[in-house]
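Structural description and commentary
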Amino acid sequence: MRRERGITLIGWLVLLTPLAICLYAGLRLAPVYLNYMKVSHTLDAVHSQFQGGGASVMAIETSISRHFEIDSVNYPSVQDVSIRRNGNGWQVEAAYIAYAPLFANISLRVAFDKSVYVSGSG
């Protein structure tokens, strides 16, 4: 009698279900990470823009606002970006939490934190 070898349909379902859930979670997280990349790019651009100095809180906020408008960043808002005095310059930090709905009442929570130092005056 010949014995069959291989994986059954139930075995395939057991193997592929976790893979499908991970793939779906990745698809749901993609927009959240793309938004973070826009925020990160904005802060890096602000750092480069004021590298020579001359930055003020109002100038930094205006620059961030313009970049957020161009890149269509809805969250975090300019008010959520922290600008603190640090020595002769400014510490600009965007620390926020984003949620990506997975299914039913289950969401994925992702915390982001990007900080740059901007030399400035006033």
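Reading the values: rules and limits
Residues numbered from 1 in each chain as written. Predicted model: local features only at pLDDT ≥ 70, side-chain atom pairs only at ≥ 80, totals over all residues. Heavy atoms only, no water. Helix = DSSP H or I, 4+ residues; strand = E, 2+ residues; numbered from the N terminus. Polar contact = N/O pair within 3.5 Å; in protein donor to acceptor, adjacent residues only side chain to side chain. Contact = heavy atoms within 4.5 Å. Pairing = 2+ DSSP bridges.

1. Regarding the side chain of Asn35
- By the element assignment, Asn35 lies in helix 1 (residues 9–49).
- Separated by 2.6 Å, the side chain of Asn35 and the backbone oxygen of Tyr75 make a polar contact.
- In this structure, Asn35 is in contact with Val73, Asn74, Tyr75, Pro76 and Tyr96, ignoring residues within four places of it in sequence.

2. Observations concerning the pairing of strand 2 (residues 89–103)
- Across five bridges, the pairing between strand 1 (residues 82–86) and strand 2 is antiparallel. Within the sheet, the bridge partner assigned to Ser82 lies in strand 2 and is Glu93.
- Between strand 1 and strand 2, which pair antiparallel and follow one another directly, the connecting turn spans two residues, one of which, Gly87, has a positive phi of 70°.
- In terms of strand pairing, strand 2 meets strand 3 (residues 106–119) through 14 bridges, oriented antiparallel. Bridge pairing in strand 3 links Ala94 to Lys114.
- What sits between strand 2 and strand 3 in their antiparallel hairpin is a turn of two residues, with Ala104 showing a positive phi close to 55°.

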